[in-house]
Amino acid sequence: MTAFADLGLTSCTLEALRDVGYEKPSPIQEQAIPPMLEGKDVIGQAQTGSGKTAAFALPIIEYVDPTEPEVQALVLTPTRELCIQVTQAVRAYAQRKGADVVAVFGGAPIRTQQAQLKAGGHIVVGTVGRVLDLISRRSLVLHSCRFVVLDEADEMLDLGFLEDVEKILNMTPNSRQTALFSATMPPPIRKLADNYLYDPVLVKVRSATLTVDSVEQFQLEVRTADKADKLVEVLAAEKPDQAIVFARTKIRTDQLYKKMRDRGFNCKALHGDMSQGSRDGVMLGFKGGRVPILVATDVAARGLDISTVTHVVNFDVPVSPDVYVHRIGRTGRVGRAGRAITFVEPRQKGELEAIERHVGVPISQWEPGAHVTPAKVTERPRRHAKPQLTRNGSEKHTKLIITGGRAAGIEVADLVGAVTRAAGVDGEAVRDVKVLERFAFVSVPAGDASRIAAAVDGEDVRGTTIRVELARA
Ligand code: AMP
């Protein structure tokens, strides 16, 4: 068994790892840390939950010189949620070394971030747009930047950021060391790696070994009217350290949160109708362990990865088997055991059967103190918007134009969520999602396009009422 010390990390970093309580490296860390320490470029095919953040952050921290008041490393992320999450992790790992970590992301005052950069910042973690902005204002200077990390590169591609990523890479020294992490490797990402990485080492982990195969899964048949009482009963019996309770809609999330709060539970709600600021606050409270129970929608909880989550309760049956695997993958992270309990109303039995077929095992009835052997479930790579070519013979797709885009805080996952929910289609049916500043595009099966457009038109996405029409061929 490999230990962190065998990977070539020095005592200061090993102490930091003891501080955060990691006992042994995860597979991606085992594979990526040695070549990173040797100064090699690395492509890591791994997703959230694999421990990829430490895989790139620890080698960087080894080489950062805290006495040098310059930006020495830049980590680019596709979204502000990921930016905040990565920053928190890197800060924890860098604390002993005394390296300063600054987060820069859109939607927050740029002045504050400029001041933070001016005051220091050896490692900068930022979203693509804000980083470019700060470079153009000369608040972010990259001439001493020796490390660049592209985190969740496929997500950057889906969001249309690759050109901007290239611009940023072109402004960093040629001698830099570059690491690219991505859950999937579509051709544009390979091309980016070919053009900007030098002789990279490819490391790859299968997510299944790290995510939901350590989750005990249960179902609980319950009548609609009894759900809230049952939730109280389940929480009382399970005594979770931390639980995420998933509800299908923002309204249901809010109602449930209020009910739980009124019954004396220390809980918080997380959904898309809340301001970005209060969402960040809730996320930090939950991650920091101050809030034991989070009631959330799928979209709001996307990307939330908390290794301390012991329980996932599906208060509402997930809209699809994929969403189910995604939800229960929030618990049982990095080898820890987790428990997932799904409430099933009598009319939802068919939906649960579809989930059982997908995970390949029957899901046992929950009762207090019940235990089952976790099943191997493969979390497929996230494919919110994997561009797919329509091959001969396969279904044709039609493009929809949606008013509402990045400016309204809308992300790829929001649109996939809105289409699957409002039109009742599977996530697979939604392709080629592109979110621009004020518009977005999605492709849906041509035969069903008019119906889908009508169903999604007028939906509320992150507080914006979106309008949908068919694009002209
Ligand atoms: P990441 O994929 O980097 O977002 O990490 C997923 C979660 O696993 C985070 O909550 C980390 O704190 C945790 N983690 C990362 N590496 C380890 C490790 N070697 N041992 C235990 N937990 C870890």
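These numbers were taken from a predicted model, which means no experiment stands behind them. (Residues numbered from 1 in each chain as written. Predicted model: local features only at pLDDT ≥ 70, side-chain atom pairs only at ≥ 80, totals over all residues. Heavy atoms only, no water.)

1. Details of the sheet that holds strand β7 (residues 201-204)
Here comes step 1: An order of β3-β4-β2-β5-β6-β1-β7 is seen for the seven strands of this open sheet, with the pairing classed as parallel. A strand with exactly one partner marks an edge of an open sheet, and here the two such strands are β3 (101-104) and β7. In this sheet, adjacent strand axes meet at a mean angle of 15° when their direction is disregarded.
Here comes step 2: Two strands pair when backbone bridges link them, and β3 and strand β4 (residues 123-127) are joined in this way by four bridges, in the parallel orientation. (Pairing = 2+ DSSP bridges. Helix = DSSP H or I, 4+ residues; strand = E, 2+ residues; numbered from the N terminus. Axes fitted to C-alpha atoms, helices over the stretch in contact; angles between N-to-C directions.)

2. Some thoughts on the packing of aromatic side chains
Here comes step 1: Scanning the model with the defined rule gives four aromatic pairs in all.
Here comes step 2: Plain terms: the ring middles of Y22 and Y93 are 5.9 Å apart, the flat faces sit at 65° to each other, and that makes the pair edge-to-face. Taken together, the residues Y22 in the loop between α1 (11-20) and α2 (27-37) and Y93 in helix α4 (residues 80-94) connect sequence positions 71 residues apart.
Here comes step 3: Here F315 and F343 contribute two aromatic rings whose centre-to-centre distance is 5.7 Å and whose plane-to-plane angle is 45°, an arrangement assigned as tilted. Here F315 is found in the loop between β12 (311-314) and α14 (321-328), whereas its partner F343 is found in strand β13 (residues 338-344), with 28 residues between them in sequence.
Here comes step 4: Take F343: its relative accessible area is 0%, and that puts it in the buried class.
Here comes step 5: Over the ring of F315 we find K227, and its NZ or CZ is 5.0 Å from the ring centre.
Here comes step 6: The aromatic ring of F441 is capped on one face by K399, whose charged end is 4.7 Å from the ring centroid. (Phe/Tyr/Trp six-rings, centres within 6.5 Å; stacked < 30°, edge-to-face > 60°. Buried < 20%, exposed > 50% of the residue type's maximum accessible area, 1.4 Å probe, protein only. Lys NZ or Arg CZ within 6 Å of the ring centre and 35° of its normal.)

3. What about the packing of helix α3 (residues 52-63) against α4?
Here comes step 1: Taken N-terminus to C-terminus, the directions of α3 and α4 make an angle of 45°; their axes are 10 Å apart at the nearest point. The orientation of α3 with respect to α4, classified from their angle, is oblique. In this structure, the crossing between α3 and α4 has a hand that is right-handed. From α3, T53, A54, F56, A57, L58 and I61 reach across to α4, where they touch V86, A89, V90, Y93 and A94. (Parallel < 35°, antiparallel > 145°, perpendicular 65-115°, else oblique. Left-handed = near helix turned anticlockwise from the far one by under 90°. Contact = heavy atoms within 4.5 Å.)

4. Re the sheet that holds strand β16 (residues 431-435)
Here comes step 1: Across the sheet, four strands lie side by side as β16-β17-β15-β20; this open sheet has antiparallel pairing. Looking at strand neighbours, the two that pair on one side only are β16 and β20 (467-470), the edges of this open sheet. Each strand axis lies, on average, 25° off the axis of its neighbour in the sheet, ignoring direction.
Here comes step 2: In terms of strand pairing, strand β15 (residues 397-403) meets strand β17 (residues 439-445) through seven bridges, oriented antiparallel. Considered in β17, the bridge of H397 is made with P445.
Here comes step 3: Running at roughly 130° to β16, helix α16 (residues 412-423) makes contact with β15, β16 and β17 of the sheet.
Here comes step 4: Contacts between helix α17 (residues 449-456) and the sheet are confined to β15, β17 and β20, with β20 contributing the most and set at about 165° to the helix.

5. As for the site of the ligand
Here comes step 1: For the ligand, the set of nearby residues contains 15 residues, the closest of which are Y22, Q29, G49, G51 and T53.
Here comes step 2: Here an oxygen atom of the ligand sits 3.3 Å away from a polar atom, N or O, in the main chain of K52.
Here comes step 3: Notes on the ligand: free accessible area 490 Å², of which the protein chains cover 89%.
Here comes step 4: Mapped onto the domain boundaries, the shell around the ligand takes at least three residues apiece from domain 1 (4-204) and domain 2 (210-379). (Near = heavy atom within 4 Å. Polar contact = N/O pair within 3.5 Å; in protein donor to acceptor, adjacent residues only side chain to side chain. Areas by Shrake-Rupley, 256 points an atom, 1.4 Å probe, with all protein chains shown as cover. Domains from an automatic or database assignment.)

6. Examining the side chain of D151
Here comes step 1: Assignment of secondary structure puts D151 in the loop between β5 (147-150) and α7 (153-158).
Here comes step 2: Reaching out from D151, the side chain makes a polar contact with the side chain of K52 at a distance of 3.0 Å.

7. Overview of the nonpolar core
Here comes step 1: L140, L150, I168, L180 and L415 are the most contacted members of the largest nonpolar core, which has 59 residues in total.
Here comes step 2: Shared between two domains, this core takes at least three residues from each, and those domains are domain 1 (4-204) and domain 3 (397-470).
Here comes step 3: When residues no more than four places from it in sequence are discounted, the contact partners of L415 are I402, I410, V433, V435, A440, V442 and I466.
Here comes step 4: Counting residues in hydrophobic clusters, the runner-up holds 44 residues, among them V101, I123, F147 and A179. (Core = buried A, V, L, I, M, F, W, Y, C linked by side-chain atoms within 4.5 Å.)

8. A word on the packing of α14 against helix α15 (residues 349-359)
Packed helices, taken two at a time, are described by their axes: the angle between them and the distance between them.
Here comes step 1: Running from amino to carboxyl end, α14 crosses α15 at an angle of 70°, the nearest separation of the two axes being 9 Å. When the axis of α14 is compared with that of α15, the two are roughly perpendicular. As for how α14 packs across α15, the hand of that crossing is right-handed. Contacts from P321, D322, Y324 and V325 in α14 reach A354, I355, H358 and V359 in α15.

9. Considering the pattern of salt bridges
Two side chains that carry opposite charge are able to pair once their charged atoms sit near each other.
Here comes step 1: One pass over the structure, following the stated rule, counts 27 salt bridges.
Here comes step 2: Note that D229 and R263 form a salt bridge whose closest N and O atoms lie 2.8 Å from each other. In this pair, D229 sits in helix α10 (residues 227-238) while R263 sits in the loop between α11 (250-262) and β10 (267-270), placing the two residues 34 residues apart along the sequence.
Here comes step 3: Residues joined in a network through salt bridges with shared partners are K227, R252, D316, E345 and R347. (Salt bridge = Lys/Arg side-chain N within 4 Å of Asp/Glu carboxyl O.)

10. Side note on the pairing of strand β1 (residues 42-45)
Here comes step 1: Taking every second residue as pointing to the same face, both faces of β1 are buried, with V42 and G44 on one and I43 and Q45 on the other.
Here comes step 2: By the bridge criterion, four bridges tie β1 to β7 in an arrangement that is parallel. Its bridge partner lying in β7, I43 is registered against L202.
Here comes step 3: As judged from the four bridges shared by β1 and strand β6 (residues 177-182), these two strands associate in the parallel manner. Bridge pairing in β6 links Q45 to S182.

11. Focus: the confidence of the model for the protein chain
Here comes step 1: Per-chain confidence: the protein chain averages 86 in pLDDT, with 91% of residues scoring 70 or above.
Here comes step 2: Confidence scores differ between elements of the protein chain, with helix α13 (residues 298-301) showing the lowest mean pLDDT of 72 and β5 the highest of 98.
Here comes step 3: In the predicted structure, residues 378-393 sits below a pLDDT of 50 and forms 43 contacts with residues beyond four places in sequence or in another chain. (pLDDT = per-residue confidence, 0-100.)

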